[in-house]
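Close look at the chain arrangement
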Amino acid sequence: MRIHNFNAGPAVLPEEVLLEVQKNLLDYKGAGLSVMEMSHRSAEYDKIITEARAALLRIMGLGDDYEAVFLQGGASTQFLMIPMNFCPEDKVANYIDTGTWATKAWKEAKKIGKKFEVIASSADRDYTYIPKTWKLTENPAYLHITTNNTIRGSEWKIDPDVPAGVPLIADMSSNFLSRPLDFAKYDLIYGGAQKNIGPAGATFVVIKKSLLEKQNSGIPTMLDYKTHIDKDSMFNTPPAFSIYVIGEVLKWIEKNGGLEAREKYNRQKAKILYDVFDNSNFYNGTVVPEDRSWMNVPFRLPSEDLEKKFISEAKAKGMIGLKGHRSVGGCRASIYNSLPMKSVEYLAQFMHEFEEANK
Ligand SMILES: *Cc1c(COP(=O)(O)O)cnc(C)c1O
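Residues numbered from 1 in each chain as written. Predicted model: local features only at pLDDT ≥ 70, side-chain atom pairs only at ≥ 80, totals over all residues. Heavy atoms only, no water.

**Thoughts on the sheet that holds strand β14 (residues 331–334)**
Read across the open sheet, the three strands follow the order β11-β12-β14; overall the sheet is antiparallel. Each edge of the sheet is formed by a strand with only one pairing partner; in this case those strands are β11 (284–285) and β14. By the bridge criterion, four bridges tie strand β12 (residues 296–300) to β14 in an arrangement that is antiparallel. When the bridges of β14 are listed, Pro298 appears paired with Arg332. In the packing of helix α9 (residues 304–316) onto the sheet, contacts are made with β12 and β14, and the angle to β12 comes to roughly 130°. (Pairing = 2+ DSSP bridges. Helix = DSSP H or I, 4+ residues; strand = E, 2+ residues; numbered from the N terminus. Contact = heavy atoms within 4.5 Å. Axes fitted to C-alpha atoms, helices over the stretch in contact; angles between N-to-C directions.)

**Re the site of the ligand**
Residues in contact with the ligand amount to 14 residues; listed here are only the nearest, Ser76, Thr150, Asp171, Gln194 and Lys195. Between the ligand and the protein, one listed contact pairs a nitrogen atom with a side-chain N or O atom of Asp171 at 2.6 Å. The fraction of the free accessible surface of the ligand (380 Å²) that becomes covered by protein chains is 88%. For the shell around the ligand, the leading source of residues is helix α3 (residues 74–86), giving four residues. Tallied by class, the residues present in the shell around the ligand amount to three nonpolar, nine polar and two charged. (Near = heavy atom within 4 Å. Polar contact = N/O pair within 3.5 Å; in protein donor to acceptor, adjacent residues only side chain to side chain. Areas by Shrake-Rupley, 256 points an atom, 1.4 Å probe, with all protein chains shown as cover. Nonpolar A, V, L, I, M, F, W, Y, C, P; charged D, E, K, R; others polar.)

**Describing the packing of α3 against helix α4 (residues 101–111)**
Where α3 meets α4, the closest approach of the two axes is 8 Å, and the angle between their N-to-C directions is 40°. Overall, the two elements α3 and α4 adopt an arrangement that is oblique. In this structure, α3 crosses over α4, and the sense of that crossing is right-handed. Side by side, α3 and α4 meet where Ser76, Phe79, Leu80 and Pro83 of the first sit next to Trp101, Lys104, Ala105, Glu108 and Ala109 of the second. When the residues that make up the contact of α3 with α4 are grouped by side-chain class, the tally is six nonpolar, one polar and two charged. (Parallel < 35°, antiparallel > 145°, perpendicular 65-115°, else oblique. Left-handed = near helix turned anticlockwise from the far one by under 90°.)

**Side note on the pairing of strand β4 (residues 116–121)**
Note: strand β3 (residues 92–97) against β4, five bridges, orientation parallel. Bridge pairing in β4 links Asn94 to Glu117.

**Quick notes on the nonpolar core**
Formed by 53 residues in total, the largest nonpolar core has its most connected members in Leu56, Phe176, Leu177 and Phe183. If you list the elements that add at least two residues to this core, you get α1 (15–23), α2 (43–60), β2 (66–71), β4, β5 (140–146), β8 (168–171), β10 (203–208) and α7 (240–255). Every residue in contact with Leu56, bar those within four places of it in the chain, is listed here: Ala68, Phe70, Phe176, Leu177, Phe204, Val206 and Leu250. Residues Phe277, Phe299, Leu347 and Phe350 belong to the second largest nonpolar core, which totals 32 residues. (Core = buried A, V, L, I, M, F, W, Y, C linked by side-chain atoms within 4.5 Å. Buried < 20%, exposed > 50% of the residue type's maximum accessible area, 1.4 Å probe, protein only.)

**Observations concerning the domain arrangement of the chain**
The assigned domain composition of the chain is domain 1 (16–255) and domain 2 (258–358). A C-alpha centroid distance of 27 Å is found between domain 1 and domain 2. On the domain 2 side, the residues contacting the 27 residues of domain 1 number 25 residues. Overall, the association of domain 1 and domain 2 removes approximately 2200 Å² of surface from exposure, summing both partners, and the carbon and sulfur fraction of that is 55%. Run the count over domain 1 and domain 2 and you get one salt bridge. Put simply, Lys132 and Asp291 hold a salt bridge, and the shortest N to O gap is 2.8 Å. On the surface where domain 1 and domain 2 come into contact, there are 14 residue pairs in polar contact (both at pLDDT 80 or more). Of the residues forming the side of domain 1 that touches domain 2, the biggest block, three residues, is contributed by α7. (Domains from an automatic or database assignment. Buried area = accessible area lost by both parts, 1.4 Å probe. Salt bridge = Lys/Arg side-chain N within 4 Å of Asp/Glu carboxyl O.)

**Some points on the sheet that holds β4**
Read across the open sheet, the seven strands follow the order β2-β10-β9-β8-β5-β3-β4; overall the sheet is mixed. Taken across any chain shown, the strands that pair with only one partner, and hence form the sheet edges, are β2 and β4. Averaged over all neighbouring strand pairs, the angle between strand axes comes to 20°, with direction disregarded. Pairing of strand β9 (residues 188–192) with β10 involves five bridges; the strand directions are antiparallel. Looking across to β10, one finds that Gly191 is bridged to Phe204. Across the sheet, α3 touches β2, β3, β5, β8, β9 and β10, and the angle it forms with β9 is around 155°.

**Regarding the side chain of Glu307**
Looking at the secondary structure, you find Glu307 in helix α9. Residue Glu307 is classed as buried on the basis of its relative accessible area of 4%. Beyond its immediate stretch of four places on either side in the chain, Glu307 contacts Phe299, Arg300, Leu301, Gly330 and Cys331.

**A closer look at a nonpolar patch on the surface**
Taken together, the side chains of Leu25, Leu26 and Met36 define a hydrophobic patch exposed on the protein surface, amounting to about 340 Å² of accessible area. Mapped onto the elements, Met36 comes out in the loop between α1 and α2. Residue classification places Met36 among the exposed positions, given a relative accessible area of 55%. (Patch = residues over 30% accessible without salt bridge, like charges linked within 9 Å, V, L, I, M, F, W, Y side chains within 5 Å.)

Encoded structure:
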């Protein structure tokens with residue numbers, strides 16, 4: 001019996017994918033061994049990683065002016081690699097700070113002594129919204145945004161415009177492939193796989209080839225994007241099994257109608273929960289309605305005691321992961337791509353019952 005999994009990451013995966021992986025666990029398609037035991041230089045594995053990289057670009061509708069690679073070190077290492085590779089001495093890295101991970105991104109630029117500026121921030125209202133206006137600095141190296149704020153529960157609903165020549169860089173860890181975006185507007189898109197597209201261990205990076213021409217020189221080998229692009233993500237041993245499972249998730253997305261279908265499904269899931277807030281004085285969403293995330297839904301109950309009770313009763317009924325991040329408290333339901341509608345319906349039903357019993 002599978003639990004209703006509202007974990008923020010690592011998170012729920014499609015049951016069909018897990019069954020497919022299980023079927024091939026001991027003997028991958030007749031190769032006589034598991035993907036975990038394979039050489040990453042074997043023909044079987046080469047096919048797995050090559051297909052996964054191609055599927056990524058295909059789903060995003062990007063052509064061969066982009067590269068897709070799988071790295072390690074999580075989205076957190078990208079916070080460092082981006083300014084290291086793409087902020088030259090005479091330019092200023094521009095960041096929009098929408099909380100937690102977005103903050104960590106610019107702090108890394110600061111740590112390595114790059115010129116940077118936070119050109120807009122929602123810190124003034126406790127990160128409950130997405131800034132709508134900003135002004136780039138003179139001579140920006142790039143603009144960095146975080147398209148979905150996993151902990152705060154806000155999400156960009158537009159792909160921001162930048163002047164020609166200014167690279168747009170986005171951390172899409174927690175809403176990647178949850179709906180169609182204008183991906184071609186971005187020069188670099190990255191994230192940890194463990195929220196929407198697979199198990200932990202792999203980081204996806206999709207990069208426009210023209211951005212590589214702006215790269216700084218003298219970058220240490222493992223932190224240099226070119227190292228990994230030139231060797232097709234195989235400079236060193238990749239997180240082979242994670243990439244295999246990501247490939248299966250990508251096949252599942254394509255088989256089930258691609259990003260348009262995901263958008264429809266995810267929009268409906270989010271609406272079920274937000275409707276509960278909007279029809280109740282008991283549950284309060286923490287984010288302004290127009291910027292609410294479709295992936296991470298934080299909410300408060302009238303007291304911390306009720307929140308504790310809510311989380312523990314939910315657990316007894318087979319729902320996990322509803323505790324808010326320790327930095328903000330409250331409750332949060334992460335309702336990623338692979339979370340079935342029935343889990344959200346089950347949670348909404350429980351929310352009604354809990355409110356009736358405790359209001
Ligand atoms: C989880 C998360 C991260 C951190 O990812 P790691 O892979 O654990 O380094 C960064 N950004 C966002 C938006 C996240 O949700």
